[in-house]
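The primary structure of each chain is shown beneath.
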Amino acid sequence: MKKYYLFLAMSFLTLQLLGQNTFTPQQFLGYSIGEQFTRHHRVVDYFFALEKAFPENIKVVKTGQTYEKRDLLLAFIGTSENLKRLEEIRQQHLSQDPKENLAIVWLSYNVHGNESSGTEAAMQTAYRLLTDKIGYLDNTVVIMDPCLNPDGRDRYVNFYYQYGANSIDLQRFSASHNESWPGGRPNHYLFDLNRDWAWMTQIESSIRVQQYNGWLPHVHVDFHEQGINEPYYFPPAAEPYHEVITDWQREFQNEIGKNHAGYFDKAGWLYFSKEIFDLLYPSYGDTYPTYSGSIGMTYEQGGSGRAGLAVITQVGDTLRLADRVAHHVTTGLSTVETSARNAQKLVAEYQKFRKSKNYAYQTFVLRGTFAQLEPALELLKKNNIEWEKVTASTQIVSSKGFHYKTGVVEPFKLQMGDILVSTQQEKGTLVSVLFEPRTKLSDSLTYDITAWTLPHAYALDGYAVTTELKATQNLLEQAPSTFIAAEGFVAYAVRWESMLTARFLNAIQLAGMKVYFHEKGFSFKGITYAPGTLLLIAGENKNIDFHDLVNDYARRYSVDIQAMSSGMVESGADLGSSSVKMVPNPRVGILAGDNFSSLNVGEIWHFFEQQLNKPAHLIFEDDLSAALASLDVLFVPEGRFDIAGNTALTRWVREGGKLIVSGGAVDALEGEQGFGLSRTESPIIGSEPVGYANQERDQISDNIIGAIYPCNIDKSNPMAFGYDFYYTLRQGATVYEIEGKPVFELQKNAQAVNGFVGARVKEQQSGADIAGSVQYGRGTIVYLIDNPLFRGFWESGKLMVVNSIYFVNE
Ligand SMILES: [Zn+2]
């Protein structure tokens, strides 16, 4: 009897402990986590159900939507007391003198859509933190992003269920283990979101990083998957580490790694660390947080697109989703545990990181016109990087600094309109990394680009200065838009300068205006206008509200517009000359599908739809011949498409079409008769045979992995409109020669100004062609050898693409 009462009392106690709460993932989903894949809308429902079941400890917020209109979420998990004062905690954390000893841990899942165990693990980890691991929350606030890439993940899950909904096929060769193009890894525009943190070209990154920068957590984990045969990877990360990474950031990676190892050893799970995944390129989910003061880490589980719900690995083991989830849940919880245990130290060290801004350079100066500077200022704004502008009230000082254009330290004077970016600010480390003239490599064996110098990427003049320069208060720059178009003016001239003017051109064309361009350049009222200057001519636009339209679009795009009272110019051709041509409104197609790199297809697609805002047709190879008659311009992305062998296509070019071939796609025409492209073979400088262990290291001597080179430009060519100078981001070592005069080429004996260049390919880069065009019948082939749209971040390369479609051979 006594026993019976005791039992009753205990049951009552248990119920009391659990509160009203009977929520389990299985009850809600209809299966245990790891048994099935969960589509994104159900993941969203699940998190809101958690919020309903544990309202004291979890708060779920919708932060925005993806391109395909799926919800982006953040879940805040903490003690009931902390959840009530989240904003206060955030402000305390970002203040100079925080009173809290709370570790802020941010967990990011499934940035690569087909690395599908991440989001399932997020659901389980959240549940565990709210139940048996709730003790960790005493010293932590956990911010969880259950899925960074919902479009890609649902694409993968839909694919898998198409072939594997009713039975699990364990064989790797079966359909359910072999994703069809483009796969679930990238987002809607086929971008790799784990290369986009700093550039934020994609809406998912833009929304997320804005949230992230509002919190700047102490610890950030980016959950990934790698090949099915790999064991688990966790920190410490591999060399090279960027030199700005602090001892503490290295040390805590070890601390966390050791804690994980304890759990994995106990369970008999294999893992590795210190190899492959380095910390250099600033736009990853580990480096970007690291350069923002976090302990930024990548975790990798064996799995991804080949793994499905279960698969047999090379050694004959069966890898199940449930196992993959269990590993990610273990490291996620272990991360929170280690952070909770070290909360005090994390807070103290984070403050140290913020205070010690001891960099080689203290101020970076950017110089250019409004239209040239605007895209760079936009990027700084997105990254919460503050700047100052030199105005009339600024005391103009003389200084000296490293001149990006010449590569040497020179004296200079500040000028009106100069932008000053200081490293003495919250984001100072990131500033230092993004602007550094030279990336220091502790080891050249990295798997990504090694240079990204912002002034070069944006083709801006500038200086890196070791002292602090001051100007006025930070202000959001607005163009001086006092311009008013009115009756009486014959035309308006718009300098062709950047993507800002390109967007303006496209928009005003879409609004129905005929736009002209001056091919040779001219001067009017003492002002010189370079070749490529746009001309909006009243007499050619009689059927629209011409002056109103000019005013409206000038204001909207903040472009600098000059009024002309006459069509007769002082020097150069008058407005009625044959050197003044109409800008066409070309119909653009982009090839897509199996034979093309999804990344490059996405770069071009995104460029048209989201950057230039000009519609372009995405066309599968099989539909090409039906499409050609409706196209003026066709892009061939990188891949294995046989251009020369496609007679419909070559006929279309011969009859006047314009083919744009970029990056690795140029290989398809190399050496083909009549296409004007050859490869310059140069003898490989004798290399000693190397041992097996050094082979990987030896191969990099033949490579260029994203290095920056200055170019010579043929400024008379329309492809160079708007360029004063250009630096190319070289992504390969192969040297091509374009027949005739290339528009962009490397200088003789060119040396990279930044980035890694393999020892055996250094010499042969001298004079390498970078971009140009050849005639083919009545048509044109444009070669963009270093893909200028690479990851959408090499801003200065974009104008070359715009020039190619609007001006080359028109
Ligand atoms: Zn990944």
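Just so we're clear, the structure is a prediction, and the values are computed from it rather than from any experiment.

Draft legend 1. Spatial organisation of the overall build of the protein. Along the protein, the regular secondary structure elements total 22 helices and 37 strands. In the protein, which comprises 810 residues, the proportion classed as buried is 60%. Carbon together with sulfur atoms contributes 49% to the accessible area of the protein, which is approximately 32700 Å² in total. Within the protein, one finds 71 positive and 91 negative side-chain charges whose respective centroids are separated by 4 Å.

Draft legend 2. Seen up close, the sheet that holds strand E30 (residues 658–662). Judged by pairing direction, the sheet is mixed, and its nine strands sit side by side in the order E28-E27-E29-E30-E37-E36-E35-E32-E33 without closing on themselves. Looking at which strands have only one partner, the edges of the open sheet turn out to be strand E28 (617–620) and strand E33 (727–730). Shown here is a sheet whose adjacent strand axes are inclined to one another by a mean of 30°, direction ignored. Judged from the four bridges that link them, strand E27 (residues 588–592) and E28 form a sheet pairing that is parallel. The partner of Ile590 across the bridge, within E28, is Leu618.

Draft legend 3. Examining the coordination of the zinc ion more closely. At the metal site, the zinc ion is ligated by His112 (ND1), Glu115 (OE), Glu115 (OE) and His224 (ND1), and these contacts range over 2.0 to 2.4 Å. One can describe the donor arrangement at the zinc ion as irregular, given that its four donor atoms subtend angles of 58 to 155° at the metal. Donor residues binding the zinc ion come from one chain and are separated in sequence as H-x2-E-x108-H. Since its relative accessible area comes to 2%, His112 is described here as buried.

Draft legend 4. Fine view of the side chain of Glu204. For Glu204, the location among the structural elements is in helix H8 (residues 203–215). Buried and unpaired, Glu204 has no salt bridge, with Arg208 as the nearest side chain of opposite charge at 6.8 Å. Leaving out residues up to four positions away in the same chain, Glu204 has contacts with Thr66, Tyr67, Leu72, Leu148, Asp151, Asn187 and Leu193.

Draft legend 5. Region of interest: the pattern of salt bridges. Enumeration according to the criterion identifies 33 salt bridges in this entry. One salt bridge connects Lys470 with Glu388, and the closest N-O pair in it is separated by 3.7 Å. A residue pair is termed long-range when its members are at least 10 positions apart, and Lys470 in the loop between strand E18 (461–465) and strand E19 (491–494) and Glu388 in strand E14 (residues 388–389) qualify at 82 residues. A relative accessible area of 13% means that Glu388 is categorised as buried. Overlapping salt bridges bring together Glu115, Arg185, Asp192, Arg195, Asp448 and Arg791 as one network.

Draft legend 6. Spotlight on the environment of Glu519. Relative to the assigned elements, Glu519 resides in the loop between strand E20 (516–518) and strand E21 (522–524). Given a relative accessible area of 18%, Glu519 falls into the buried group. The spacing of Glu519 and Lys581 is 62 residues in sequence and 7.3 Å in space, taken between C-alpha atoms. Residue contacts for Glu519: discarding those within four places in its chain leaves Pro531, Ser579, Lys581, Pro718 and Phe721. At 3.1 Å, the side chain of Glu519 forms a polar contact with the side chain of Lys581.

Draft legend 7. Inspection of helix H16 (residues 499–510) at higher detail. The terminal C-alpha atoms of H16 lie 16 Å apart, and with 12 residues this matches the ideal 16 Å at 1.5 Å per residue to within 8%. Here H16 lies mainly inside the structure; 10 of its 12 residues are buried. Among the residues making up H16, those that are buried are Met499, Leu500, Thr501, Ala502, Phe504, Leu505, Asn506, Ala507, Ile508 and Gln509. Two residues or fewer after H16 comes Gly512, characterised by a positive phi angle close to 105°.

Draft legend 8. Region of interest: the layout of surface pockets. The calculated volume of the largest pocket comes to roughly 530 Å³. Along its surface, the largest pocket is lined by 22 residues, and Glu378, Lys382, Arg503, Gln611 and Lys798 are the ones closest to its centre. Of all the secondary structure elements, the ones that give two or more residues to the lining of the largest pocket are helix H13 (370–382), H16, helix H18 (598–612) and helix H22 (795–806). At five residues, the largest contribution of residues to the lining of the largest pocket is made by H13.

Draft legend 9. Layout of H22. Taken across its 12 residues, H22 has 12 buried, putting it largely inside the fold. For H22, the set of buried residues is Glu795, Ser796, Gly797, Lys798, Leu799, Met800, Val801, Val802, Asn803, Ser804, Ile805 and Tyr806.

Draft legend 10. Geometry of the environment of Glu810. Structurally, the position occupied by Glu810 is in the segment after H22. A C-alpha to C-alpha distance of 9.1 Å links Glu810 and Pro718, two positions 92 residues apart in sequence.

Draft legend 11. Up close: the sheet that holds strand E24 (residues 561–564). Spatially, five strands are ordered E24-E19-E23-E20-E26 in an open sheet, and the strand pairing comes out antiparallel. Each edge of the open sheet is held by one strand with a lone partner, namely E24 and strand E26 (580–582). For this sheet, the mean angle separating the axes of adjacent strands, direction not counted, is 30°. As defined by bridge partners, E19 adjoins strand E23 (residues 534–537) across four bridges and the pair is classed as antiparallel. Bridge pairing in E23 links Tyr492 to Leu536. Relative to E23, H16 is tilted by about 30°, and along the sheet it contacts E19, E23 and E24.

Draft legend 12. Region of interest: the pairing of strand E32 (residues 707–713). Extensive coverage of E32 is indicated by the burial of five of its seven residues. Across four bridges, the pairing between E32 and E33 is antiparallel. Its bridge partner being in E33, Pro710 is matched across the sheet by Tyr727. As defined by bridge partners, E32 adjoins strand E35 (residues 744–746) across three bridges and the pair is classed as antiparallel. If you follow Ile713 over to E35, its bridge partner there is Phe744.

Draft legend 13. Broad picture of the packing of aromatic side chains. Per the stated rule, a full pass over the model turns up 58 aromatic pairs. Relative to Phe159, the ring of Tyr156 lies with its centre 6.2 Å away and its plane at 45°, an arrangement referred to as tilted. Here Tyr156 pairs with Phe159, and both are found in helix H7 (residues 150–164), just three residues apart, close to one helical turn. For the pair formed by Tyr156 and Phe159, the shared burial category is buried. What links up through ring pairs into an aromatic cluster is the set Trp199, Tyr281, Tyr284, Trp452, Phe790, Phe793 and Trp794. The cationic tip of Arg556 hangs over the ring face of Tyr553; the distance from NZ or CZ to the ring centre is 4.4 Å.

About the cut-offs
Residues numbered from 1 in each chain as written. Predicted model: local features only at pLDDT ≥ 70, side-chain atom pairs only at ≥ 80, totals over all residues. Heavy atoms only, no water. Helix = DSSP H or I, 4+ residues; strand = E, 2+ residues; numbered from the N terminus. Buried < 20%, exposed > 50% of the residue type's maximum accessible area, 1.4 Å probe, protein only. Areas by Shrake-Rupley, 256 points an atom, 1.4 Å probe, with all protein chains shown as cover. Lys, Arg positive; Asp, Glu negative; His and termini not counted. Charge placed at Lys NZ, Arg CZ, Asp CG, Glu CD. Pairing = 2+ DSSP bridges. Axes fitted to C-alpha atoms, helices over the stretch in contact; angles between N-to-C directions. Donors = N, O, S within 2.8 Å, 3.2 Å for Na, K, Ca; no water. Tetrahedral: all angles 85-135°; square planar, octahedral: opposite > 155°, others 65-115°. Salt bridge = Lys/Arg side-chain N within 4 Å of Asp/Glu carboxyl O. Contact = heavy atoms within 4.5 Å. Polar contact = N/O pair within 3.5 Å; in protein donor to acceptor, adjacent residues only side chain to side chain. Expected span 1.5 Å × (residues − 1). 1 Å grid on protein atoms, 1.4 Å probe; cavity = no way out; pocket = protein on both sides within 12 Å on 5 of 7 lines; lining within 4 Å. Points joined across faces, edges and corners; volume = space filled by probe spheres on them. Phe/Tyr/Trp six-rings, centres within 6.5 Å; stacked < 30°, edge-to-face > 60°. Lys NZ or Arg CZ within 6 Å of the ring centre and 35° of its normal.

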